[in-house]
Amino acid sequence: MMIIMHPGASREQINAVIAEIERHKLTSHPIFGVEQTIIGAVGDGHYVLKEEFEALPGVMEVQRISKPYKLASRQFHEQDSVFKLDGFDIGGAEVPIIAGPCSVESRVQILEIAQAVKEAGANALRGGVFKPRTSPYAFQGLGEEGLEYMAEAREKTGLPIVVEVMAVSQIDMMEKYVDVFQLGARNMQNFNLLRAIGETRTPVLFKRGMSATIEEMLMASEYILSGGNTRVILCERGIRTFETATRNTTDINAIPVLKKLTHLPVVIDPSHSTGDSAFVSSIAKAGVAAGADGVIVEVHHDPAHAISDGKQSLTPEAFAKMVKQVRAIAEAVDRRLVNGNS
Ligand code: PEP
Ligand code: MN
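The numbers attached to residues start from 1 for each chain and follow its sequence in the written order. Throughout, the order in which chains and ligands are written sets their labels, letters from A for the former and numbers from 1 for the latter. Predicted model: local features are reported for residues with pLDDT of at least 70 only, side-chain atom pairs are reported and counted for 80 or more only, and whole-chain, interface and lining totals are derived from all residues. Hydrogens and water are ignored here; the side-chain numbers use all heavy atoms of the structure.

**Some thoughts on the domain arrangement of the chain**
For each domain, the first and last residues come from an automatic or database assignment. As assigned here, the chain comprises domain 1 (2–63) and domain 2 (83–340). With centres defined by C-alpha atoms, the gap from domain 1 to domain 2 works out at 36 Å.

**Concerning the coordination of the manganese ion (ligand 2)**
At the metal site, the manganese ion (ligand 2) is ligated by C102 (SG), H272 (NE2), E298 (OE) and D309 (OD), and these contacts range over 2.0 to 2.4 Å. Taken in sequence order, the residues that donate to the manganese ion (ligand 2) follow the motif C-x169-H-x25-E-x10-D. Here the residue E298 occupies a position in strand 15 (residues 294–298), and D309 occupies one in the loop between strand 15 and helix 11 (316–332), the gap between them amounting to 11 residues. Here the coordinating atoms are restricted to nitrogen, oxygen and sulfur within 2.8 Å of the metal centre, or 3.2 Å for Na, K and Ca, and because water is not among them the sites may look incomplete. Only DSSP runs of H or I reaching four residues or more are called helices, and only runs of E reaching two or more are called strands; each is numbered from the N terminus.

**Digging into the nonpolar core**
Nonpolar side chains tend to gather and get buried jointly when the protein is soluble and globular. Joining through side-chain atoms within 4.5 Å is the link that ties buried Ala, Val, Leu, Ile, Met, Phe, Trp, Tyr and Cys residues into a set, and such a set is a nonpolar core. Relative accessibility under 20% of the residue-type maximum defines a buried residue, over 50% an exposed one, and the middle range a partly exposed one, all with a 1.4 Å probe and only protein chains included. In this structure, F206, V297 and F319 are the most contacted members of the largest nonpolar core, which totals 89 residues. Residue-level mapping places this core at the junction of two domains, with at least three residues from each of domain 1 (2–63) and domain 2 (83–340). Pairs of residues are marked as contacts when any of their non-hydrogen atoms sit within 4.5 Å. Contact partners of F206, with chain neighbours within four places excluded, come to L183, M188, L194, M217, A220, S221, I224, V232, I233, L234 and C235. In this structure, V17, I21, L26 and A41 belong to the second largest nonpolar core, which totals 15 residues.

**Points about helix 6 (residues 191–199)**
Buried within helix 6 we find L193, L194, A196, I197 and G198. In this fold, the buried residues of helix 6 make contact with helix 5 (171–175), strand 11 (180–183), strand 12 (204–207) and helix 7 (214–225).

**A look at the sheet that holds strand 2 (residues 27–32)**
Pairing between two strands is assigned when DSSP locates at least 2 bridges connecting them. Ordered in space as 2-3-1-4, the 4 strands form an open sheet in which the pairing is antiparallel. Two strands close off the open sheet at either side, each with one partner strand: strand 2 and strand 4 (59–63). Across the sheet, the axes of successive neighbouring strands diverge by a mean angle of 20°, strand direction being ignored. Both strand 1 (residues 2–5) and strand 3 (residues 37–42) contribute to a ladder of 3 bridges, which runs antiparallel. Its bridge partner being in strand 3, I3 is matched across the sheet by I39. Lines are fitted to the C-alpha atoms to define the axes, a helix being fitted only along its stretch in contact, and any angle between axes, read from their N-to-C directions, falls within 0 to 180 degrees.

Right, here's the structure in full:
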């Protein structure tokens, strides 16, 4: 339910509405606009009468949110959400690029790649330290040691860092290091983990599950939003289809569909969605042309010897070329890369 206050509603009237929401065991999510305050009331409120809220002083209108997801919906928040991250905004006119290896493999490796992607125009550095591998015998990541290397790479390049969190038990330790949590495709419906991330105030790059519908994705993001962590960036990373020529199938449709349904920023991951470096640049461009608010891409200085996802990793040179072309596409759709990008 959305409770729209009169433009002149007082703070006391707003507080009284919030108290009433909480009396019904719902959670309140106020948006204090310049002219008007809108208060979201979220939870199992199907039995709560709209009229009861309409009668409260200062209330102009009460609307039920028709979608099953609430805080993620455009109905709740009409304007695009723009999040200020370290050095750039996401969700506005600028299209940031997040780049780096699939996994942090060593100090030397991550420092070298961080420098290379920075020079080629990246705005943030990615690198996994806890890896969700299909085989339990495959490299599982460097853990906290890897985070120390990521932190050093940030210090040297100024790039904020994006790292996947795989378990609730990793959150406290990781929060000290990371600028943005990545929530991986395999954990998209790990509701305990989503709730725990919702308790933090660290922005989240939220990946679509490989067999998740768009509605399931938005419902899952709601677990984070309802905890009060509002900075959720959605990521289309390809879905499972009958097609085997590529690792996954990029659901390009998902980008404009998500932009219509939600105010949250949407980024494209052409690396996991194709699984092949030969197709990454094409799909990065397609994603931005379709309205993506950013790109996350795997880059490795020596893809042939990468411990994970080498086949889909761009070399720094190929990445630099991709950035140039993505810039041209962004401009063609009235967007731009982050200022100062090479
Ligand atoms: C990754 O980013 O390296 C990764 C494992 O991604 P996904 O969760 O989309 O498979
Ligand atoms: Mn990967």
